[in-house]
Amino acid sequence: MAIAIPDATDNPVWTALTGAQRHLAHALGDMLRFPSDVAPFCAVPEEGTFVPATDLEYLTEDAFFLGALPAVPEGWQLQELSTVTQMVYAGEAVAAPPAAGVTVLEALDPAMQALTALAFPGYFRARTGIMGRYVGIHDGPRLVALAGERMDFGALREVSAVCTHPDYTGRGHARLLMRHVMHGMQREGVTPMLHVGSGNARAIALYEALGFVRTRVLRHARLVAGGRSA
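Residues numbered from 1 in each chain as written. Predicted model: local features only at pLDDT ≥ 70, side-chain atom pairs only at ≥ 80, totals over all residues. Heavy atoms only, no water.

## Structural notes on the sheet that holds strand S3 (residues 42-43)
One open sheet accounts for three strands, arranged S1-S2-S3; its pairing is antiparallel. Two strands bound the open sheet, and with one partner strand each, they are strand S1 (26-28) and S3. Of the pairings in the sheet, the one linking S1 to strand S2 (residues 31-33) comprises three bridges and is antiparallel in character. Looking across to S2, one finds that His26 is bridged to Arg33. (Pairing = 2+ DSSP bridges. Helix = DSSP H or I, 4+ residues; strand = E, 2+ residues; numbered from the N terminus.)

## Points about the pairing of strand S11 (residues 191-197)
With six of seven residues buried, S11 is to be regarded as a mostly interior element. Pairing of strand S6 (residues 84-89) with S11 involves five bridges; the strand directions are antiparallel. If you follow Gln86 over to S11, its bridge partner there is His195. Remark: the strand S10 (residues 156-164)/helix H4 (residues 173-187)/S11 crossover connection has right-handed handedness. (Buried < 20%, exposed > 50% of the residue type's maximum accessible area, 1.4 Å probe, protein only. Right-handed = clockwise from strand over helix to strand, strands pointing away.)

Nothing here speaks to function; it is all geometry.
Right, here's the structure in full:
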């Protein structure tokens, strides 16, 4: 299966906020951001774009950049984090996976934020669920595994929030839920892609086994809220 990797995905947040998810974009000068209760990401149009303090002062909590990093005024803290590996699905059509035990979740289900806080605290917000379709597995009323859709690039869409409660790992939940999400994307003519911490060898191995290939490594940084260092 041939894959198309748009150059624009080297600046994924900007691509999403100026394209398929522009209805979610908030502008702060030359910088764009998702609403803070939807996703913690900001973006600039290209590497090194200067963001003045008069725009930064509107940030009330830490914000994250992926791909192109801004230049910020002296005294503001832009902390570079571990890199993120971008992967795109290059396999065949994903067959419809078993539906038993898999639930389509409500967009504002607070259990999603509680579960993701165990794996990647701070990245999944109260309204992240409005960005796409999320599916989960429950043990009784308890949500124990999750996967869904986040950033939308038109021809590509991001598989995200793949996580399993530590008490339930090793049962194939992540693989099953990812197949549900990927199958749904392909039915809409969209190619699945994802982002994963470059040091997360276990997750990368799972994604490669599912048919994803590594396409690029992206810089990743946190801009500290309120901004100024001591």
